[in-house]
Amino acid sequence: METVCAWPEMKAAAKLTAIWAGIMALRFFNTLTRRVEEFQPLDSTGRRVGLYCCGPTVYDLAHIGNFRTFVFADLVRRYLEFRGYIVTHVMNITDVEDKIIRRVRETGLSLKDYTHRYEDEFFRDFETLNCRRPHHTPHATDHIPEMLALIQRLMERGIAYQAADGSVYFSIAKYRGCGCCYGQLVSLDLDQLRPGERVSNDEYAKESVADFALWKARVPEDGDVFWSSPWGEGRPGWHIECSAMSMKWLGPSFDIHLGGEDLIFPHHEDEIAQSEGAGMQPPGQRFVRYWLHGAHLLVEGRKMSKSLGNFFTLRDLLAKGFSGREIRYLLLTAHYRETFNFTLDGLEGARSALARLDECLGKLREVSGGAKGEPETGLVQAFTQAMDDDLNIAAAWGTVFEWVRECNRLLAAGQMTPPQAAAALAAWEQVNQVLGVGGQAEISIPPEIQELAEARQAARKARDFARADALREELKNRGWVVEDTPKGPKLKRT
């Protein structure tokens with residue numbers, strides 16, 4: 001008999017199963033069907049889930065709009081695991097593509113040297129936002145054989161053809177002629193399709209319905225970025241990369257594919273066409289069962305643009321004094337299908353909200369005295385009900401802060417017992433497995449700030465209250481506040 005988890009984890013899982021009894025099933029809005037559907041994995045046991053997220057194109061630093069998608073993917077993965085599923089999370093690294101080749105040519109670096117730099121920077125930012133590393137992060141350049149095999153299969157089925165320039169294209173007309181549907185994720189005017197019209201760019205106009213490149217014949221601008229193939233030297237098109245990598249790691253049919261809404265067409269639509277056109281799925285199965293797409297992010301109410309001064313990388317925001325925890329919180333306050341307005345004022349609000357949460361948790365720890373307990377059911381159950389409804393994160397945070405208010409009420413009234421505080425903390429730990437905002441980081445207090453605080457305390461003991469007040473004001477001007485408690489003064493950032 002398979003051992004699934006250690007005994008403490010089994011007890012925790014049993015407790016959560018009891019909490020979930022009677023709660024509605026997990027539901028997602030499926031872009032494929034345009035409706036909210038109950039989630040049912042392909043796995044016969046109903047436990048294992050294959051999850052694929054389109055990862056970064058490593059040609060530059062990722063910006064905050066990119067990271068909305070990756071934090072969303074992390075939320076999906078964490079919630080599935082919280083719900084008891086065994087998730088295989090795959091996120092590709094696009095390390096060959098039009099923009100990358102242009103940058104390689106401009107810098108004179110090798111493809112690997114150029115892309116590795118930005119991949120390292122991406123994962124540094126990824127970890128700053130406390131995103132869990134995917135189980136597999138396949139690189140496009142490591143999967144050329146799988147791409148060639150997929151293209152060959154499409155050629156053999158008569159759905160792909162080689163053009164006069166040596167490139168290989170996917171034929172939408174031939175694909176439709178096999179009884180397949182092009183336009184599963186979006187509504188397209190296929191009457192405007194002119195057979196043989198082709199696009200070679202990886203990204204093209206959203207109204208364009210034309211054959212797209214699977215394999216691009218080598219041109220002088222490619223430099224040393226090329227591979228051998230049965231159709232001559234060249235490189236893969238962007239769309240074929242994700243089809244080959246996702247099916248390599250998750251099989252020809254898997255549960256969830258997600259990404260930003262800007263990828264719906266052409267990228268995800270072309271992925272479906274290639275993957276299902278190859279005919280590798282079991283009878284009656286699709287390439288992907290559930291397609292989840294996150295909405296655009298606006299910055300200060302406008303589309304992000306360097307010329308507007310609202311283009312932010314993660315490190316831009318860190319340099320302004322915000323933490324990865326605060327940024328993650330703000331990215332997780334709006335429903336994933338809602339266009340989200342990311343503002344610096346919003347980050348200040350995130351800081352205040354987390355401070356409220358931290359203050360409550362600190363008081364609960366004091367009352368609990370370090371005791372451990374089983375999680376109270378109220379918070380976990382309310383949180384689960386909200387998240388089961390298509391990941392309604394706004395409602396989920398509502399349950400958290402209602403819980404904070406109730407805990408503060410009981411604490412202020414002296415009605416919170418140590419066992420109750422331990423149970424409340426255990427409930428928060430369960431919920432935070434999904435939210436990933438952790439607890440307050442240990443504050444590093446600069447020596448000069450510590451000296452001012454000690455001088456103020458000495459002035460208070462000497463009953464020199466005028467000096468104590470002046471030192472308190474000096475600390476405030478430097479961004480620190482002193483909170484006098486029965487256990488002594490505590491320094492907090494303002």
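What you see as residue numbers is a count from 1 along each chain, following the sequence as written. Note on the predicted model: pLDDT of at least 70 is required for a residue's local features to be given, and 80 or more for side-chain atom pairs to be given and counted; whole-chain, interface and lining totals, by contrast, use all residues. Note: side-chain values were computed over all heavy atoms of the structure, leaving out hydrogens and water.

### Some thoughts on the side chain of S275
We count a stretch as a helix when DSSP gives it H or I for four or more residues in a row; a strand needs E for two or more, and each element gets its number in order from the N terminus. Relative to the helices and strands, S275 resides in helix α8 (residues 264-277). Distance and chemistry together define a polar contact, namely a pair of N or O atoms within 3.5 Å, with one atom able to donate a hydrogen and the other to accept it when in protein, and with adjacent residues in sequence counting only for side-chain atoms on both sides. At 2.8 Å, the side chain of S275 and the backbone oxygen of E271 are in polar contact. A contact between two residues is defined here by any heavy atoms of the two lying within 4.5 Å. When neighbours within four sequence positions are excluded, S275 is seen to be in contact with S243, M247, M280, Q281 and F287.

### Overview of the pattern of salt bridges
Only one rule defines a salt bridge in this text: a Lys or Arg side-chain nitrogen within 4 Å of an Asp or Glu carboxyl oxygen. Applying the stated criterion across every chain yields a total of 29 salt bridges. Between R27 and D389 there is a salt bridge whose closest N-O contact spans 2.9 Å. Placement of R27 in strand β1 (residues 27-30) and of D389 in the loop between α12 (377-388) and α13 (393-412) is noted, with a sequence separation of 362 residues between them. A salt bridge links E233 to R218; its shortest N-O distance comes to 3.0 Å. Remark: R218 occurs in the loop between β8 (211-217) and β9 (234-236) and E233 occurs in the loop between β8 and β9; sequence separation between them is 15 residues. Think of it in three bands: residues with accessible area under 20% of the maximum for their type are buried, residues over 50% are exposed, and the middle band is partly exposed, with areas taken using a 1.4 Å probe on protein chains only. On the basis of relative accessibility, which here comes to 39%, the residue E233 falls in the partly exposed class. Each of D98, K216, D222 and R235 takes part in one network of salt bridges that share partners.

### What to know about the packing of aromatic side chains
A pair of Phe, Tyr and Trp rings is counted when the ring centres sit within 6.5 Å of each other, with Trp represented by its six-membered ring. The angle between the planes then sorts it: under 30 degrees is stacked, over 60 is edge-to-face, the rest tilted. The tally for this structure, following the rule as stated, stands at 24 aromatic pairs. On the numbers, 5.2 Å between centres and 55° between planes, the contact of Y114 with Y118 is tilted. With Y114 and Y118 both in helix α4 (residues 111-128) and four residues apart, the pair spans about one turn of that helix. A residue is classified by how much of its surface remains accessible, and Y114, at 3% relative accessible area, is buried. On the accessibility criterion, Y118 (9% relative accessible area) is buried. Site record: aromatic cluster; members linked through ring pairs are F67, F70, F122, F123 and F126. Throughout this description, the term charge over a ring refers to an Arg CZ or Lys NZ atom that lies within 6 Å of the ring centre and within 35 degrees of the ring normal. The lysine or arginine in question, R133, covers the ring of F123, its NZ or CZ lying 3.8 Å from the ring centre.

### A few points about unusual backbone geometry
For the bond from F265 to P266, the omega torsion is 10°, close enough to zero to count as cis. Of note, P266 is situated in helix α8. For R34, which is not a glycine, the phi torsion comes out positive at approximately 60°. Along the chain, R34 turns up in the loop between β1 and β2 (35-38). Even without glycine at this site, D390 takes up a positive phi of about 55°. Examined against the element boundaries, D390 turns out to sit in the loop between α12 and α13. What makes D390 buried here is its relative accessible area of 2%.

### Some details on the sheet that holds strand β11 (residues 288-294)
By definition, two strands form a pair when at least two bridges between them are found by DSSP. If you walk across this open sheet you meet the four strands as β4-β3-β10-β11, and the pairing is parallel. Both outer strands of the open sheet, β4 (86-91) and β11, are each paired with one neighbouring strand and no more. Looking at each pair of strands side by side, their axes are set apart by 20° on average, direction ignored. Relative to strand β10 (residues 254-260), strand β3 (residues 48-53) is paired through three bridges, and the arrangement is parallel. From the neighbouring strand, Y52 faces β10, where its bridge partner is H257. Where α8 meets the sheet, it contacts β10 and β11, and its direction lies at approximately 160° from that of β10. To get an axis, a line is fitted to the C-alpha atoms, and for a helix only the part in contact is used. The angle between two axes follows their N-to-C directions and goes from 0 to 180 degrees.

### Considering the pairing of β1
The sheet contact formed by β1 and β2 spans four bridges and is antiparallel. If you follow N30 over to β2, its bridge partner there is R35.

### Here we look at the environment of V186
On the secondary structure map, V186 appears in the loop between α6 (172-177) and β7 (198-199). With a relative accessible area of 19%, V186 lands in the buried category. For the pair formed by V186 and R34, sequence separation is 152 residues and the distance between their alpha carbons is 9.7 Å. Look past the residues within four positions of V186 in its chain and what remains in contact with it is R34, I264, F265 and E269.

### Looking at the side chain of S171
Note on placement: S171 falls in the loop between β6 (168-170) and α6. A polar side-chain atom of S171 sits 3.1 Å from the main-chain amide nitrogen of K174. Filtering out sequence-adjacent residues up to four positions away, S171 remains in contact with I159, A160, Y161 and D211.

### Let's talk about the environment of G251
Within the fold, G251 resides in the loop between α7 (238-250) and β10. Look at G251 and you get buried, because its relative accessible area is 18%. Sequence separation between G251 and R365 is 114 residues; the distance between their C-alpha atoms is 46 Å.

### Describing helix α16 (residues 465-477)
Taking 1.5 Å per residue, 13 residues should reach 18 Å; α16 reaches 18 Å between its end C-alpha atoms and fits that length. Inspection of α16 places A468, L471 and L475 among the buried residues, and these make up the whole buried set. On an axial view of α16, the arc spanned by its buried residues comes to 65°, and they lie on one face. Of the exposed residues in α16, those oriented more than 90 degrees away from the buried face are A466, D469, K476 and N477. G479 sits one or two residues past α16 and shows a positive phi near 95°. A helix is expected to reach a length of 1.5 Å times the quantity of its residues less one. Arc definition: it is the arc formed by the directions from the helix axis to the C-beta atoms.

### Some remarks on the nonpolar core
Put simply, a nonpolar core is a bunch of buried Ala, Val, Leu, Ile, Met, Phe, Trp, Tyr and Cys residues held in one set by side-chain atoms that sit within 4.5 Å of each other. Counting 136 residues, the largest nonpolar core has I64, L80, I256, I327, F342, L364 and W403 as the members making the most contacts within it. Setting aside anything within four residues of it in sequence, one finds F342 in contact with I64, L297, L298, V299, E300, L317, I327, L330, L331 and L347. Among the nonpolar cores identified, the runner-up in size contains eight residues, and I449, L452, L475 and V482 belong to it.

### Details of the state of the cysteines
By disulfide we mean two sulfur atoms from cysteines, separated by a distance within 2.5 Å. Inspection of the entire model under this criterion finds zero disulfides. Not engaged in a disulfide, the cysteine C53 finds its nearest cysteine sulfur in C54; these two sulfurs lie 6.6 Å apart. A relative accessible area of 1% places C53 in the buried class. For C180, which is in no disulfide, the shortest distance to another cysteine sulfur is to C178 and amounts to 5.7 Å. The partly exposed category is assigned to C180, whose relative accessible area is 27%.

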